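Listed here are the chains, written in short residue letters.
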Amino acid sequence: MKRLLLAATAALAISGVAAQDFPGSKPVTFVVPFAAGGPTDKVARDLAEAMRKPLGGNIIVENVAGAGGTLGGTRVAKANPDGHTLLLWHIGISTSPALYRNLQFKPLEDFEYLGLINEVPMTLLGRPNLPANNYAELIKWINDNKGKVNLAHAGLGAASHLCGLLFQSQLKADMTTVPYKGTGPAMTDLIGGQVDIMCDQTTNTTPQIAAGKVKAYAVTSLQRLNTPELRNLPTLDESGLKGFNVTIWHGLYAPKGTPKPVLDKLNAALKEALKDPEFIKRQAALGTMVVTDARTNPAEHKKFVEAEINKWGQVIKAAGQYAD
Ligand code: MLT
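Here the residue numbering is sequential within each chain, running from 1 through the sequence in written order. With pLDDT at 70 or above as the cut-off, local features in this predicted model cover only qualifying residues; side-chain atom pairs require 80 or more to be listed or tallied, and sums for whole chains, interfaces and linings still use all residues. Side-chain measures were taken over the full set of non-hydrogen atoms in the model, leaving aside hydrogen atoms and water.

J.: Would you mind going over the pattern of salt bridges with me for this structure?
T.: Oppositely charged side chains may form a pair once their charged atoms are brought near each other. Any carboxyl oxygen of Asp or Glu within 4 Å of a side-chain nitrogen of Lys or Arg constitutes a salt bridge here. Tallying each qualifying case throughout the model produces 15 salt bridges. By sharing partners, the salt bridges in this structure join Lys42, Asp46 and Arg282 into a single network.

J.: Please clarify how the site of the ligand should be interpreted in this entry.
T.: In the neighbourhood of the ligand, the contacting residues comprise Phe34, Pro39, Thr40, His90, Ala154, Ala158, Ala159, Ser160, Gly182, Thr183, Asp200 and Gln201. The term polar contact refers here to a pair of N or O atoms within 3.5 Å; inside protein, the definition further demands a hydrogen-donor-capable atom paired with an acceptor-capable atom, and it admits residues adjacent in sequence only when both atoms are side-chain atoms. At 2.6 Å, a side-chain N or O of His90 approaches an oxygen atom of the ligand. In the environment of the ligand, an oxygen atom lies 3.4 Å from a nitrogen or oxygen atom belonging to the side chain of Gln201. Only the protein chains shown count as covering a residue, and every accessible area follows the Shrake-Rupley method with a 1.4 Å probe. Burial of the ligand by the surrounding chains reaches 100%, relative to a free accessible area of 270 Å². The distinction between a cavity and a pocket rests on a 1 Å grid over the protein atoms alone: a 1.4 Å probe fits inside a cavity but cannot get out, while a pocket stays open yet meets protein on both sides within 12 Å along at least five of seven lines, and a residue with an atom within 4 Å of a point counts as lining. Placement in a cavity or pocket follows one criterion, namely that more than half of the molecule's atoms lie within 2 Å of its grid points. In this structure, the ligand is accommodated by the largest cavity. A run of DSSP states H or I qualifies as a helix once it reaches four residues; a run of E qualifies as a strand once it reaches two. Both are numbered from the N-terminal end. Elements that contribute at least two residues to the shell around the ligand include exactly helix 2 (39–55), helix 6 (159–171) and strand 7 (197–201). Only Asp, Glu, Lys and Arg are considered charged in this grouping, and only Ala, Val, Leu, Ile, Met, Phe, Trp, Tyr, Cys and Pro are considered nonpolar; every other residue, Gly among them, is considered polar. Of the residues assigned to the shell around the ligand, the class counts are five nonpolar, six polar and one charged. A single heavy atom is enough: if one lies within 4 Å of a molecule or strand, its residue is considered near that molecule or strand.

J.: Sorry, what's going on with the packing of aromatic side chains here?
T.: Each aromatic ring pair is specified by the distance between its two centres and by the angle formed by the two planes. In this scheme Phe, Tyr and Trp rings, the latter by its six-membered ring, pair at centre separations within 6.5 Å, and the angle between planes marks the pair as stacked below 30 degrees, edge-to-face above 60, and tilted otherwise. Going through the model one piece at a time under the given rule, you end up with five aromatic pairs. The interplanar angle of 70 degrees and the centroid separation of 6.1 Å between the aromatic rings of Trp89 and Phe105 together place this pair among those described as edge-to-face. In this pair, Trp89 is assigned in strand 3 (residues 85–90) and Phe105 in the loop between helix 4 (92–99) and strand 4 (111–126), connecting sequence segments 16 residues apart. Here Trp89 falls in the buried class, since its relative accessible area comes to 0%. A simple rule labels every residue: compare its accessible area, found with a 1.4 Å probe on the protein chains alone, to the largest value its type can have, and call it buried under 20%, exposed over 50%, or partly exposed in between.

J.: Honestly, the layout of surface pockets in this entry has me stumped. Any pointers?
T.: Gaps left between atoms are located by rolling a probe of water-molecule size over the structure's atoms. The calculated volume of the largest pocket comes to roughly 220 Å³. Ile91, Glu119, Leu166, Asn245, Val246, Thr247, Trp249, Phe304, Glu308, Lys311, Trp312 and Val315 together form the lining of the largest pocket. When residues of the lining of the largest pocket are traced back to their parent elements, those giving at least two are strand 9 (247–255) and helix 11 (298–319). Take the lining of the largest pocket: its biggest share by element is five residues, from helix 11. When grouped by side-chain class, the residues that make up the lining of the largest pocket number seven nonpolar, two polar and three charged. Grid points are joined across faces, edges and corners, and a volume is the space filled by probe spheres set on the points.

J.: Would you take a moment to explain the side chain of Asn118 for this structure?
T.: Among the structural elements, Asn118 can be located in strand 4. Polar contacts involving the side chain of Asn118 include one to the side chain of His250, which spans 2.9 Å. In this structure the side chain of Asn118 is engaged in a polar contact, spanning 2.9 Å, whose partner is the side chain of Gln283. Apart from the residues lying within four places of it in its own chain, the contact partners of Asn118 are Val43, Ile248, Trp249, His250, Gln283, Thr288, Met289, Val290 and Val291. Any two residues whose heavy atoms approach within 4.5 Å are treated as being in contact.

J.: Looking at this structure, I do not really get the pairing of strand 3. What am I missing?
T.: Each regular strand shows side chains that alternate between the opposite faces of the sheet. Where burial is concerned, most of strand 3 is hidden: six out of the six residues are buried. Across three bridges, the pairing between strand 1 (residues 28–32) and strand 3 is parallel. If you follow Phe30 over to strand 3, its bridge partner there is Leu86. At least two DSSP bridges between two strands are required for those strands to pair. Direction of pairing for strand 3 relative to strand 9: antiparallel, over a ladder of four bridges. Note that in strand 9 the partner of Trp89 across the bridge is Gly251.

Here is the structure:
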């Protein structure tokens with residue numbers, strides 16, 4: 001018993017020293033569960049830049065893509081809980097328990113919550129040579145091409161998948177869905193004309209719309225957006241899909257068991273980064289909204305994800321969607 005107590009005391013002392021020195025010279029890795037060049041990757045790289053100074057250490061981004069983000073989720077759930085491996089994921093963390101029967105982690109039990117980051121609306125896009133120049137023409141084209149329309153997405157449970165599912169179900173249209181490891185590579189194929197349409201986060205679509213590389217038909221938020229590239233796009237709600245509203249969010253997570261002083265340091269650096277005017281400006285230019293300070297509190301973050309798990313669990317169950 002005495003030996004056990006001594007070991008526990010020593011472990012506590014070591015973690016206390018380690019926490020004081022954290023992050024030290026070893027970089028912190030943000031695991032992004034999608035391919036490089038997509039919207040989650042973009043948010044992670046911008047946040048890494050904004051968090052380096054307040055954290056006092058280097059932050060790198062690693063893409064662990066596949067299975068709608070769940071491979072990256074598993075990787076971090078099973079990582080050493082020392083604060084050096086973090087997960088930056090979106091709404092998919094809350095849809096995965098209902099979608100994946102063989103999920104290798106439990107979102108509410110296997111992670112420490114570090115705070116929400118932002119909210120991101122999406123846009124409905126078409127390939128550049130699609131013969132439809134506005135939303136009404138797109139609907140006509142979809143109806144005229146029943147059984148032939150391809151819709152790209154980033155895997156079951158990805159934001160692009162949820163948005164595409166909702167779009168199909170409200171239109172009562174059946175499309176062939178084409179999964180990618182992220183909407184970064186999916187965007188390349190959309191621009192190249194290999195797939196027809198895609199829903200994607202404004203973070204990824206704004207530069208492509210500005211460059212005229214894709215056709216943009218609508219935004220998925222209830223209100224129109226206010227950036228120069230997006231302000232003329234109608235909402236899907238005003239275009240006839242009443243109540244259509246998909247705005248996704250990103251959050252930051254550490255493996256369960258990460259020492260509290262390390263979590264506190266990470267949370268403080270996150271809060272600081274989200275107040276950085278440069279970060280806020282960059283996000284706003286891409287149509288995304290950085291969350292308020294209260295939403296970066298770990299308890300608030302966890303409460304929010306729990307509510308999202310319940311909400312999406314019901315939607316997904318009703319739609320009969322799942323993967324083994
Ligand atoms: C998604 O559809 O979930 C995202 O766009 C994934 C990504 O960041 O590539």
